[in-house]
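Spelled out from the first residue to the last, the chains are:
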Amino acid sequence: MTTEDVLKVFESAGAVMHGHFILTSGLRSPVFLQKARVFMHPDKTETLCKALAGKITAAGVGEIEYVVGPAVGGIIPAYETSRHLGAPAIWVERQDGVFKLRRFEIPEGARVVIIEDIVTTGLSIRETVESLKALGANVLAAGCLIDRSAGKAEVGVPLIALAEYEVPAYPADKLPPELEAIPAVKPGSRGL
């Protein structure tokens, strides 16, 4: 799939929103990709995640023993991508503000791939990498449906993005006038 193909799937689900949004990273943006509107459609989710699994396989990461998604946003794409990679899907979730593998155990040296929905700064993936490496996991790579940073986010492992779609993002104290004039909304899941 091309970036254009991926964006068409998002647009067909009404998931490309315009306004003034507070992203999970804390940055502000005139565009928000509401992946929940895509994930409510199993056929659209399968199309995207099957293509992502194919891209991960083509990257040659080797045998994958676990696919790990950061909660909340990474759970659904990790599960659906794992189905096409033939590996179990598990997730990390925040405990006292830190990602932990609370519900699952993995053996030391386990070969894992992290799957995230959308990457802006890469923070959730970096925190997931740290959590898994602390358990002795071998983190092979991370994958995402859309990389909003267009390859600029540093996640600590190779990042395989199904699509790169650079959208402006600004610190709250450096907004352009057109965003300052619109009330901000925070549709993301950080803090749940």
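Look above for the structure.
Engineer: Could you clarify how one ought to interpret the sheet that holds strand β7 (residues 138-147) in this entry?
Structural biologist: Spatially, six strands are ordered β5-β4-β3-β6-β7-β8 in an open sheet, and the strand pairing comes out mixed. Pairing within the sheet leaves two strands with one partner each, and these edge strands are β5 (98-100) and β8 (159-164). In this sheet, adjacent strand axes meet at a mean angle of 25° when their direction is disregarded. Pairing analysis gives five bridges linking β7 to β8, with the strands arranged parallel. Bridge pairing links glycine 143 to isoleucine 160 in β8.

Engineer: Even after reading the chapter, I still don't get the side chain of histidine 20, so can you show me in this structure?
Structural biologist: You can see histidine 20 is positioned in strand β1 (residues 16-22). Exposure remark for histidine 20: the relative accessible area of 4% places this residue in the buried category. There is a polar contact of 3.2 Å between the side chain of histidine 20 and the side chain of arginine 28. Within the structure, the side chain of histidine 20 is placed 2.7 Å from the backbone oxygen of isoleucine 182, a separation counted as a polar contact. Among all residues touching histidine 20, those that are not within four sequence positions of it are Arg28, Ser29, Leu175, Leu179, Ile182, Pro183, Ala184 and Val185.

Engineer: What should I look at first to understand the packing of helix α3 (residues 42-58) against helix α4 (residues 75-85) in this one?
Structural biologist: Geometrically, a packed helix pair is captured by the angle between its two axes and the distance between the axes. Direction vectors running N to C along α3 and α4 enclose 60°, while the axes themselves pass 8 Å from each other. If you check the angle between α3 and α4, you find them oblique. Judged by the sense of rotation from one axis to the other, the crossing of α3 with α4 is right-handed. Contacts between α3 and α4 involve Thr45, Glu46, Cys49, Lys50, Leu52, Ala53, Ile56 and Thr57 from the first element and Ile76, Pro77, Glu80, Thr81, Arg83, His84 and Leu85 from the second.

Engineer: Explain the environment of proline 77 here, please?
Structural biologist: Locating proline 77 in the fold gives a position in helix α4. Relative accessible area serves as the criterion here: at 0%, proline 77 is assigned to the buried category.

Cut-off values and rules
- Each chain has its residues counted from 1, following the order in which its sequence is written.
- Only residues with pLDDT of at least 70 get local features here, since the model is predicted, and only at 80 or more are side-chain atom pairs given and counted; chain-wide, interface and lining totals rely on the full set of residues.
- Only heavy atoms go into the side-chain values, all of them from the structure, while hydrogens and water stay out.
- In this analysis, strands are considered paired if DSSP registers two or more bridges between them.
- Put simply, DSSP marks the helices as runs of H or I at least four residues long and the strands as runs of E at least two long, and each gets a number from the N terminus on.
- Only the stretch in contact is used when a helix axis is fitted, and all axes are lines through C-alpha atoms; the angle between N-to-C directions ranges over 0 to 180 degrees.
- The classification of residues rests on relative accessible area computed with a 1.4 Å probe and restricted to protein chains. Under 20% of the type maximum is buried, over 50% is exposed, and intermediate values are partly exposed.
- N or O atoms closer than or at 3.5 Å make up a polar contact, with two conditions inside protein: a donor-capable atom paired with an acceptor-capable one, and, for residues adjacent in sequence, both atoms drawn from side chains.
- Contact definition: two residues touch when any of their heavy atoms are within 4.5 Å.
- To sort the angles, those under 35 degrees are grouped as roughly parallel, those over 145 as roughly antiparallel, those from 65 to 115 as roughly perpendicular, and the leftovers as oblique.
- Take the far helix as your reference; a near helix turned counterclockwise from it by less than a right angle gives a left-handed crossing, and one turned clockwise gives a right-handed crossing.

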